[in-house]
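# A look at the structure
The primary structure of each chain is shown beneath.
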Amino acid sequence: DELTLIYTSGTTGNPKGVVLTHANMLGQMAAFEASFDWGSEDRSLSLLPWAHILGQAAEVHLLTFLGMSTAFVESPTKLLENLAEVKPTVFIGVPRVYNKIYSNVQGKVNKLPSPLKKLFFKAVDAGFRKATGNEIGFLDEMSLKVIDRLIFKTIRKKLGGRIRGMISGGAALDADVNRFMLAAGL
């Protein structure tokens, strides 16, 4: 049976109502649930409007189904302040949010002295390989530890310090952004 109507932005003409069924939503919830070790102690910080399909599927239906709590961002300009206050364990966003984090970090990395910049990129590569289950050598492990102390730890702290998982949806996440996030322990 029909569960809800989601209205698209109408990028190719007038907005259109998309019918989602109970089976569709349950399928999405099963995929989300199987993708991560969720727990009732997890909490999110809701940034997406619940009229957005990802906001509705992940935050309204999934988090309720899992018994998790959600706090609400006061406004997009207060995102970092709210992350520090709420300390979510899960964050759900669209690629644009993650792109902004990545761009901000890249801007700061580009101002680093060349040796530290090279170490950063070496650590991102090592961190990504490690996060995806590959072994890394001693020198890669050391570069990752140094950059984690200097940069990654600060990023995690700014995002509340307790993030266990981040979900991206609504569009494709850039491979470089994904690689960076995984390397940073996000």
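First, a word on scope: everything that follows refers to the structure included in this document. Fair warning: this is a prediction, and the values are worked out from it, not measured in the lab. (Residues numbered from 1 in each chain as written. Predicted model: local features only at pLDDT ≥ 70, side-chain atom pairs only at ≥ 80, totals over all residues. Heavy atoms only, no water.)

## Overview of the environment of K100
Locating K100 in the fold gives a position in helix α4 (residues 95-109). Look at K100 and you get exposed, because its relative accessible area is 52%. Note: C-alpha distance between K100 and V177 (77 residues apart in sequence) is 9.6 Å. (Helix = DSSP H or I, 4+ residues; strand = E, 2+ residues; numbered from the N terminus. Buried < 20%, exposed > 50% of the residue type's maximum accessible area, 1.4 Å probe, protein only.)

## Brief notes about the pattern of salt bridges
A complete count under the given rule lists eight salt bridges for this structure. Here K78 and E74 are joined by a salt bridge, their closest N and O atoms 3.6 Å apart. Residue classification places K78 among the partly exposed residues on the basis of a relative accessible area of 30%. The shortest N-O distance in the salt bridge between R156 and D148 comes to 2.7 Å. Residue class for R156 comes out partly exposed when judged on its relative accessible area of 23%. Residues joined by salt bridges that share partners form a network here, namely K122, D125, R129, D140 and R179. (Salt bridge = Lys/Arg side-chain N within 4 Å of Asp/Glu carboxyl O.)

## Some thoughts on the nonpolar core
With 49 residues, the main nonpolar core has F91, F120, F152 and F180 as its most contacted residues. Setting aside residues up to four positions removed in sequence, F91 forms contacts with L45, L47, L79, L83, V97, Y98, I163, G165, M166 and I167. (Core = buried A, V, L, I, M, F, W, Y, C linked by side-chain atoms within 4.5 Å. Contact = heavy atoms within 4.5 Å.)

## With respect to a positive patch on the surface
Together, R43, K87, K145, R149, K153, K157 and R162 make up a positively charged patch on the protein surface. Top contributing element to the positive patch by residue count: helix α6 (residues 138-158), with four residues. Note on placement: K87 falls in the loop between α3 (79-86) and β5 (90-93). (Patch = residues over 30% accessible without salt bridge, like charges linked within 9 Å, V, L, I, M, F, W, Y side chains within 5 Å. Areas by Shrake-Rupley, 256 points an atom, 1.4 Å probe, with all protein chains shown as cover. Lys, Arg positive; Asp, Glu negative; His and termini not counted. Charge placed at Lys NZ, Arg CZ, Asp CG, Glu CD.)

## A look at the packing of aromatic side chains
Taken as a whole, this structure holds eight aromatic pairs when the rule is applied. For the pair F120 and F121, a centre-to-centre distance of 5.3 Å together with 80° between the ring planes defines the contact as edge-to-face. Its relative accessible area of 0% is what places F120 among the buried residues. Here F120 and F180 contribute two aromatic rings whose centre-to-centre distance is 6.4 Å and whose plane-to-plane angle is 40°, an arrangement assigned as tilted. Highlighted residues: F120 in helix α5 (residues 114-131) and F180 in helix α7 (residues 175-183), separated in sequence by 60 residues. Grouped by ring-pair contacts, the aromatic residues Y102, F120, F121, F152 and F180 constitute a single cluster. (Phe/Tyr/Trp six-rings, centres within 6.5 Å; stacked < 30°, edge-to-face > 60°.)

## Remarks on unusual backbone geometry
Of note in the backbone geometry, K87 takes a positive phi value of approximately 55° without being a glycine. K87 gets classed as partly exposed once you look at its relative accessible area, which sits at 37%.

## Comments concerning helix α2 (residues 53-66)
The terminal C-alpha atoms of α2 lie 18 Å apart, and with 14 residues this matches the ideal 20 Å at 1.5 Å per residue to within 8%. Listing the buried residues of α2 in full gives L54, G55, Q56, A57, A58, E59, L62, L63 and L66. Buried residues in α2 make contact with β1 (2-7), α1 (22-34), β3 (43-46), β4 (69-72), β5 and β6 (165-168). One or two steps after α2, the chain reaches G67, where phi turns positive at roughly 80°. (Expected span 1.5 Å × (residues − 1).)

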